[in-house]
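So you can see what is in the structure, the chains are spelled out below.
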Amino acid sequence: MVMKIMCNPRNDCHRRLVNENYGVNLPLIPRRETAPAPTQKVAKGVTMDNLLVAPPTHRGSRVLLPLAESDARRGILNLIERGLIPRAARITLEKPPVLPKPAPLHEFHTKHKKDGGVESQKAGVRPLSHTKPASSHSHTSRGSKGSKGSIAPPPSCISVVSPKKSKQQLVPVTQKQEPPTSDWLSKKSPEISPGQEFQNALLDFDIPVCKGAIDREASIFLGFKHHCCLFWGSVLSFLEHVERLLKDYAVPSATIQGRKVMEILPDFELDQRPTREELLSVLKNYSTVKMLLSQPGQRYKGQNGTQAAATKIQATWRCYKFRKAYITFRQQQWASGVIAISWLVRVHMARVRKALKEARQRHLENFNTRVKHLAANWNRIRTSRRTIIHIPSLGYSQLIREASPDFTIHQGSQFGRLCEIQDSNVDVIYVCPLQTSEELRRYYHKLLGLQAAVRSGNPKDMADLQDRFKILTPEAINSFPNRPLSLATLLKYSPKTIKRIRNLIQGKEAYMVGGLLHQDDLEVADALDVPIFGSAPEVAHLYSSKSGSKRVFAAAGVPMPPGQYDIYSRPQVFEVLSQLILDYPEVKRWVFKMDHDYAGNGTAYCDIIDHLRCYPWVQKEIHRYGPEIWKSKWAHEPALAKISQELPGLLAQHAQAVNEKRFPTWGKFLQTFVSQGGVIEAFPPSDSVTNLTVDMLIEPTGEISMVSSGDQIHADGPFRSSGTTFPQASVESRVLNLLCSKIGEACKSRGVVGYFSIDFVTFIHPQTRGQQVWAIDLDLHYSDHLALTRILLYVTNGTLDCSLSRFSVQIIPKKPKGHHPPEEEPQTPPTVSRYVVMSSSMRHINLSIIYYNVFLQMCKAHGIGYDVQQKEGTLFTLFEDQKRHIFGMLTIGEHLQGVLMTFARHLFIIYQELSAPNMHAETNFKGAVQEIETILGVTEQNKLKFEEEEEQAAKAQASTK
């Protein structure tokens, strides 16, 4: 508003302010009288000439347009608004209207007299110290000869000392006051100089505040008011805020610095409440006042303190009450939200479970329907053209899959399933859980191309059978790189692979052969619309467990090791084990096996007799009671109490897990053992124990047959199978066939279909001195041993007679070059027996540093290879291209002892090539060699002699070749 007033010369307030502050009388500009309204009709349209306006193209340019004299008279602002002069132009007037000039300061030559000042004081106006009257200022400002264009300093800045009052006072001077007399002007004031008065008036306005009130009649306040006359409204509002603050806190005295007020005023607006810090910043005694304001209860000593205290008490109580109610409301709101979300999640989960249950029930019904169709047409299907989809999936639980670091490799180690193309009516689609490189595919193309060479005996007769088999990898392995999922789960989330399989089997007879079936296998079978050649997932998981296999063996009536199954608690572990120790005191070692695990990872053992302190006393009790009385349970009670008390500490100190990385202590093993259940069984009481594996097949029509058998080789300890010798030679064939047929009938009655394997253990019983055979394990899935057997039968074109445990091949003699025998009836090639040592888990960590083709060339350089004509030699099965530290190996020969030694010698050669000096590499080669030496009973001297003979035979054979 002040700026608008100062820019309007016609405003009366503008003329008055200029006159009061600068002593300039502006001429009175009369307002233009408007003409009386015409009686005639007002004409519409433009009644004045159009003013010249610069075009938009020239608004931002520096080109100046020519100006007429009439336009120049309208003023600079008018020219800028019309665009004739740029807004940022620097304007210089040739004849400025006002010339700056120092204002003369006149000194008092004489002190004003009492009489001279009385009249002026009565008039309310102080005399000025100028030698010329006030009217002369107006003449000089209009261009007088003496001081053309100069403006005198504003009278408001001149201080005049009153003769009656000693205090300094600033009084505005009006234009109408009379000039003082020369006597009064001639008197000189010795107390204060005019320059000092002028400086103090501008800078120092220390306004005292007493008890929160400003003396508005004080000269310093009036001077400050006169100095800030143009913005006094804002100053006064700010000072009122300061007064209110000081009154509220009962500040006895304070001093306001006018200079600080003027500094902070530009940031203060009328509609904005200043902060406390801003109000205190203008005080001279800032620290004292702030310390007083920070004292507790000081607010209630000022104005309306009682009312403020009551308000504070009421506000505090209401805040407390509302806060408490709000917290209760938020707790209830949070609880209701949790309940609502939990209910929604529960309803959603129930809906999902219901949908999954319905989907799984539908998959199971479709599975049963297709199995019935497969059984009804099996005789036709197995003799006609068909496609077999091999999915070697292991549907173990998540805990078991995550506990095995090489779970994916274990799933993908059954490339031997490809060899089922040996039947000319079979095409194979093999789904691999690992990426297969071109090098690996080329190797299996060459291996499977040996079929024609094996049948003819000529290595050059290689065939290309790439159209007979396909190796596919689900694309979901890239989506779950660090998740050990089952192969069926990966295939379920791989629509491209499923679509490709569906296209490959379209219009053909096909069925699926899985591993340990899972619900995802049924979903994949539904997606492919093919039957599964195997058992239902519930049946497979139930009877593949250790407790489930004990039920099958008990129903079959086959001998089992002494023990107990279905153990699910810690007290049951110690109670059952104590009773078993008393019932079978001759058993030295007891074995603990988890229900759901594989490859011995969930197995632990302990030599109880060697560490049981009360065992001698138990033997005395047995001898004292005698065999007949000892069978009574009452005779066991004292011994049970002692053994049960001693067993927890004994097992914690001496029990040992097979997989020590997974279970470093007995406590961790026992916790997992009781969480999923398990069995406790006796280890054979003999120093010479042989394990054997038998693979069985139950066809959809119910026909039971034995498809493979072999004696196990334990390179990683007595509870882990690293390979087998084929065929088995540790148990009489008739006894083994009888046991297997009983177990097969028991499995058939429980709905088991497809491939499964049985593990036996045989030893010489120390008491009866006869051979004892125990059934110890049952796995309802396609085994690694069976996959290696498929490769063996493929590369030898041999025949396996499981009833006699005999493996025979036909040797095709070489035809001499250039000799054409007379035409005779073709003679049947001679048939000879062959023995095989095969393993699918040979491990050497340094194998990962070389490529497979380098490894094969290295073996070829050392004479490690396979003779197609003689059906003997060594073959390898390769699994994956990432780690490359596990591979399979088959050695075929004429005698079992020679095959074992050849296998050990080849392992030794590979070990020497892969192992560097002074370098420890993780491998199981040494364990396999030691196991073979134990089987053969080879001493150091016999070993060296036998190795020399083998080397000479190998050299002679190489020279013959």
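Residues numbered from 1 in each chain as written. Predicted model: local features only at pLDDT ≥ 70, side-chain atom pairs only at ≥ 80, totals over all residues. Heavy atoms only, no water.

Turning our attention to the nonpolar core. The nonpolar side chains of soluble globular proteins are, as a tendency, buried together. In this structure, Ile-389, Phe-415, Ile-743, Phe-756, Phe-760 and Phe-876 are the most contacted members of the largest nonpolar core, which totals 139 residues. Ranked by residues supplied to this core, first place goes to helix α33 (residues 896-914) with nine residues. Each residue touching Ile-389, except ones within four places of it in the same chain, is listed here: Ile-429, Ile-501, Ile-505, Tyr-511, Met-512, Val-513, Leu-528 and Val-530. Grouped together as the second largest cluster of nonpolar side chains are 38 residues, Leu-580, Leu-612, Ala-635 and Ala-639 included. (Core = buried A, V, L, I, M, F, W, Y, C linked by side-chain atoms within 4.5 Å. Buried < 20%, exposed > 50% of the residue type's maximum accessible area, 1.4 Å probe, protein only. Helix = DSSP H or I, 4+ residues; strand = E, 2+ residues; numbered from the N terminus. Contact = heavy atoms within 4.5 Å.)

Take the environment of Asn-458 next. In this fold, Asn-458 is placed in the loop between α19 (451-456) and β8 (469-472). On the accessibility criterion, Asn-458 (31% relative accessible area) is partly exposed. Sequence-wise, Asn-458 and Val-868 are 410 residues apart; in three dimensions their C-alpha atoms are separated by 7.1 Å.

Attention shifts here to the pattern of salt bridges. Taken as a whole, this structure holds 28 salt bridges when the rule is applied. Taking the shortest distance from any N to any O, the salt bridge between Glu-703 and Arg-382 comes out at 3.9 Å. With Glu-703 in the loop between β15 (689-698) and β16 (704-713) and Arg-382 in the loop between α15 (378-381) and β6 (386-390), this pair connects stretches of sequence that are 321 residues apart. For Glu-703, a relative accessible area of 40% gives the class partly exposed. Here Arg-382 falls in the partly exposed class, since its relative accessible area comes to 31%. Arg-385 serves as the salt-bridge partner of Asp-427, at 3.0 Å between the closest nitrogen and oxygen. Of this pair, Asp-427 sits in strand β7 (residues 426-431) while Arg-385 sits in the loop between α15 and β6; the two residues are 42 residues apart in sequence, bridging distant segments of the chain. Residue class for Asp-427 comes out buried when judged on its relative accessible area of 10%. (Salt bridge = Lys/Arg side-chain N within 4 Å of Asp/Glu carboxyl O.)

Here we come to unusual backbone geometry. The omega torsion of the bond from Phe-726 to Pro-727 falls at -10°, within 30 degrees of zero and hence cis. A positive phi is found at Asp-529, a non-glycine position, where the angle reads about 60°. Tracing the chain through its elements places Asp-529 in the loop between α22 (519-528) and α23 (537-544). Relative accessible area serves as the criterion here: at 58%, Asp-529 is assigned to the exposed category. Backbone geometry at Asn-797 places phi at a positive 55°, although glycine is not the residue there.

Here the protein chain averages 81 in pLDDT, and 79% of its residues register 70 or above. Low pLDDT, under 50, characterises residues 33-39; the stretch is placed with zero contacts to residues that sit more than four places away or in other chains. (pLDDT = per-residue confidence, 0-100.)

What follows is about the environment of Arg-500. Relative to the elements of secondary structure, Arg-500 occurs in helix α21 (residues 495-504). For Arg-500, a relative accessible area of 46% gives the class partly exposed. As a C-alpha pair, Arg-500 and Leu-472 span 28 residues in sequence and 9.1 Å in three-dimensional space.

In this section: the side chain of Lys-871. Counting through the fold element by element, Lys-871 comes out in the loop between β24 (866-867) and β25 (872-878). Despite its burial, Lys-871 pairs with no opposite charge, the nearest such side chain being Asp-867 at 7.9 Å. A distance of 3.2 Å separates a polar atom in the side chain of Lys-871 from the backbone oxygen of Val-868. Apart from residues lying up to four places away in sequence, Lys-871 is in contact with Val-454, Val-795, Thr-796, Val-809, Gln-810, Ile-811, Arg-834, Tyr-866 and Ile-892. (Lys, Arg positive; Asp, Glu negative; His and termini not counted. Polar contact = N/O pair within 3.5 Å; in protein donor to acceptor, adjacent residues only side chain to side chain.)

In helix packing, the relevant descriptors are the interaxial angle and the interaxial distance, both defined with respect to the helix axes. At a minimum axis distance of 9 Å, the contact between helix α25 (residues 570-583) and helix α28 (residues 637-654) shows a crossing angle of 120°. In this structure, α25 crosses over α28, and the sense of that crossing is right-handed. Contacts between α25 and α28 involve Phe-574, Leu-577, Ser-578, Gln-579, Ile-581 and Leu-582 from the former and Ala-639, Leu-640, Ile-643, Ser-644, Leu-647, Pro-648 and Leu-651 from the latter. Partitioning the contact of α25 with α28 into residue classes produces 10 nonpolar, three polar and no charged. (Axes fitted to C-alpha atoms, helices over the stretch in contact; angles between N-to-C directions. Left-handed = near helix turned anticlockwise from the far one by under 90°. Nonpolar A, V, L, I, M, F, W, Y, C, P; charged D, E, K, R; others polar.)

Take the sheet that holds strand β21 (residues 806-810) next. Within the open sheet, the three strands sit side by side as β20-β21-β22. Their pairing is antiparallel. The two strands at the open ends of the sheet, each matched to only one other strand, are β20 (799-801) and β22 (831-833). Averaged over all pairs of adjacent strands, the angle between their axes in this sheet comes to 30°, without regard to strand direction. In this sheet, β22 lies alongside β21 in antiparallel orientation, the contact comprising three bridges. Bridging from a neighbouring strand, Ser-808 pairs with Ser-833 of β22. (Pairing = 2+ DSSP bridges.)

Take the packing of aromatic side chains next. The final tally for this structure, using the stated rule, is 30 aromatic pairs. When the ring of Phe-669 is compared with that of Phe-673, the centres are 6.0 Å apart and the planes differ by 25°; the resulting orientation is stacked. Linking Phe-669 with Phe-673, this pair stays in helix α29 (residues 666-676), spanning four residues, or about one helical turn. Assessed through its relative accessible area of 1%, Phe-669 is described here as buried. Look at Phe-673 and you get buried, because its relative accessible area is 1%. Judged by centre distance (5.2 Å) and plane angle (70°), the rings of Phe-855 and Phe-876 are edge-to-face. (Phe/Tyr/Trp six-rings, centres within 6.5 Å; stacked < 30°, edge-to-face > 60°.)

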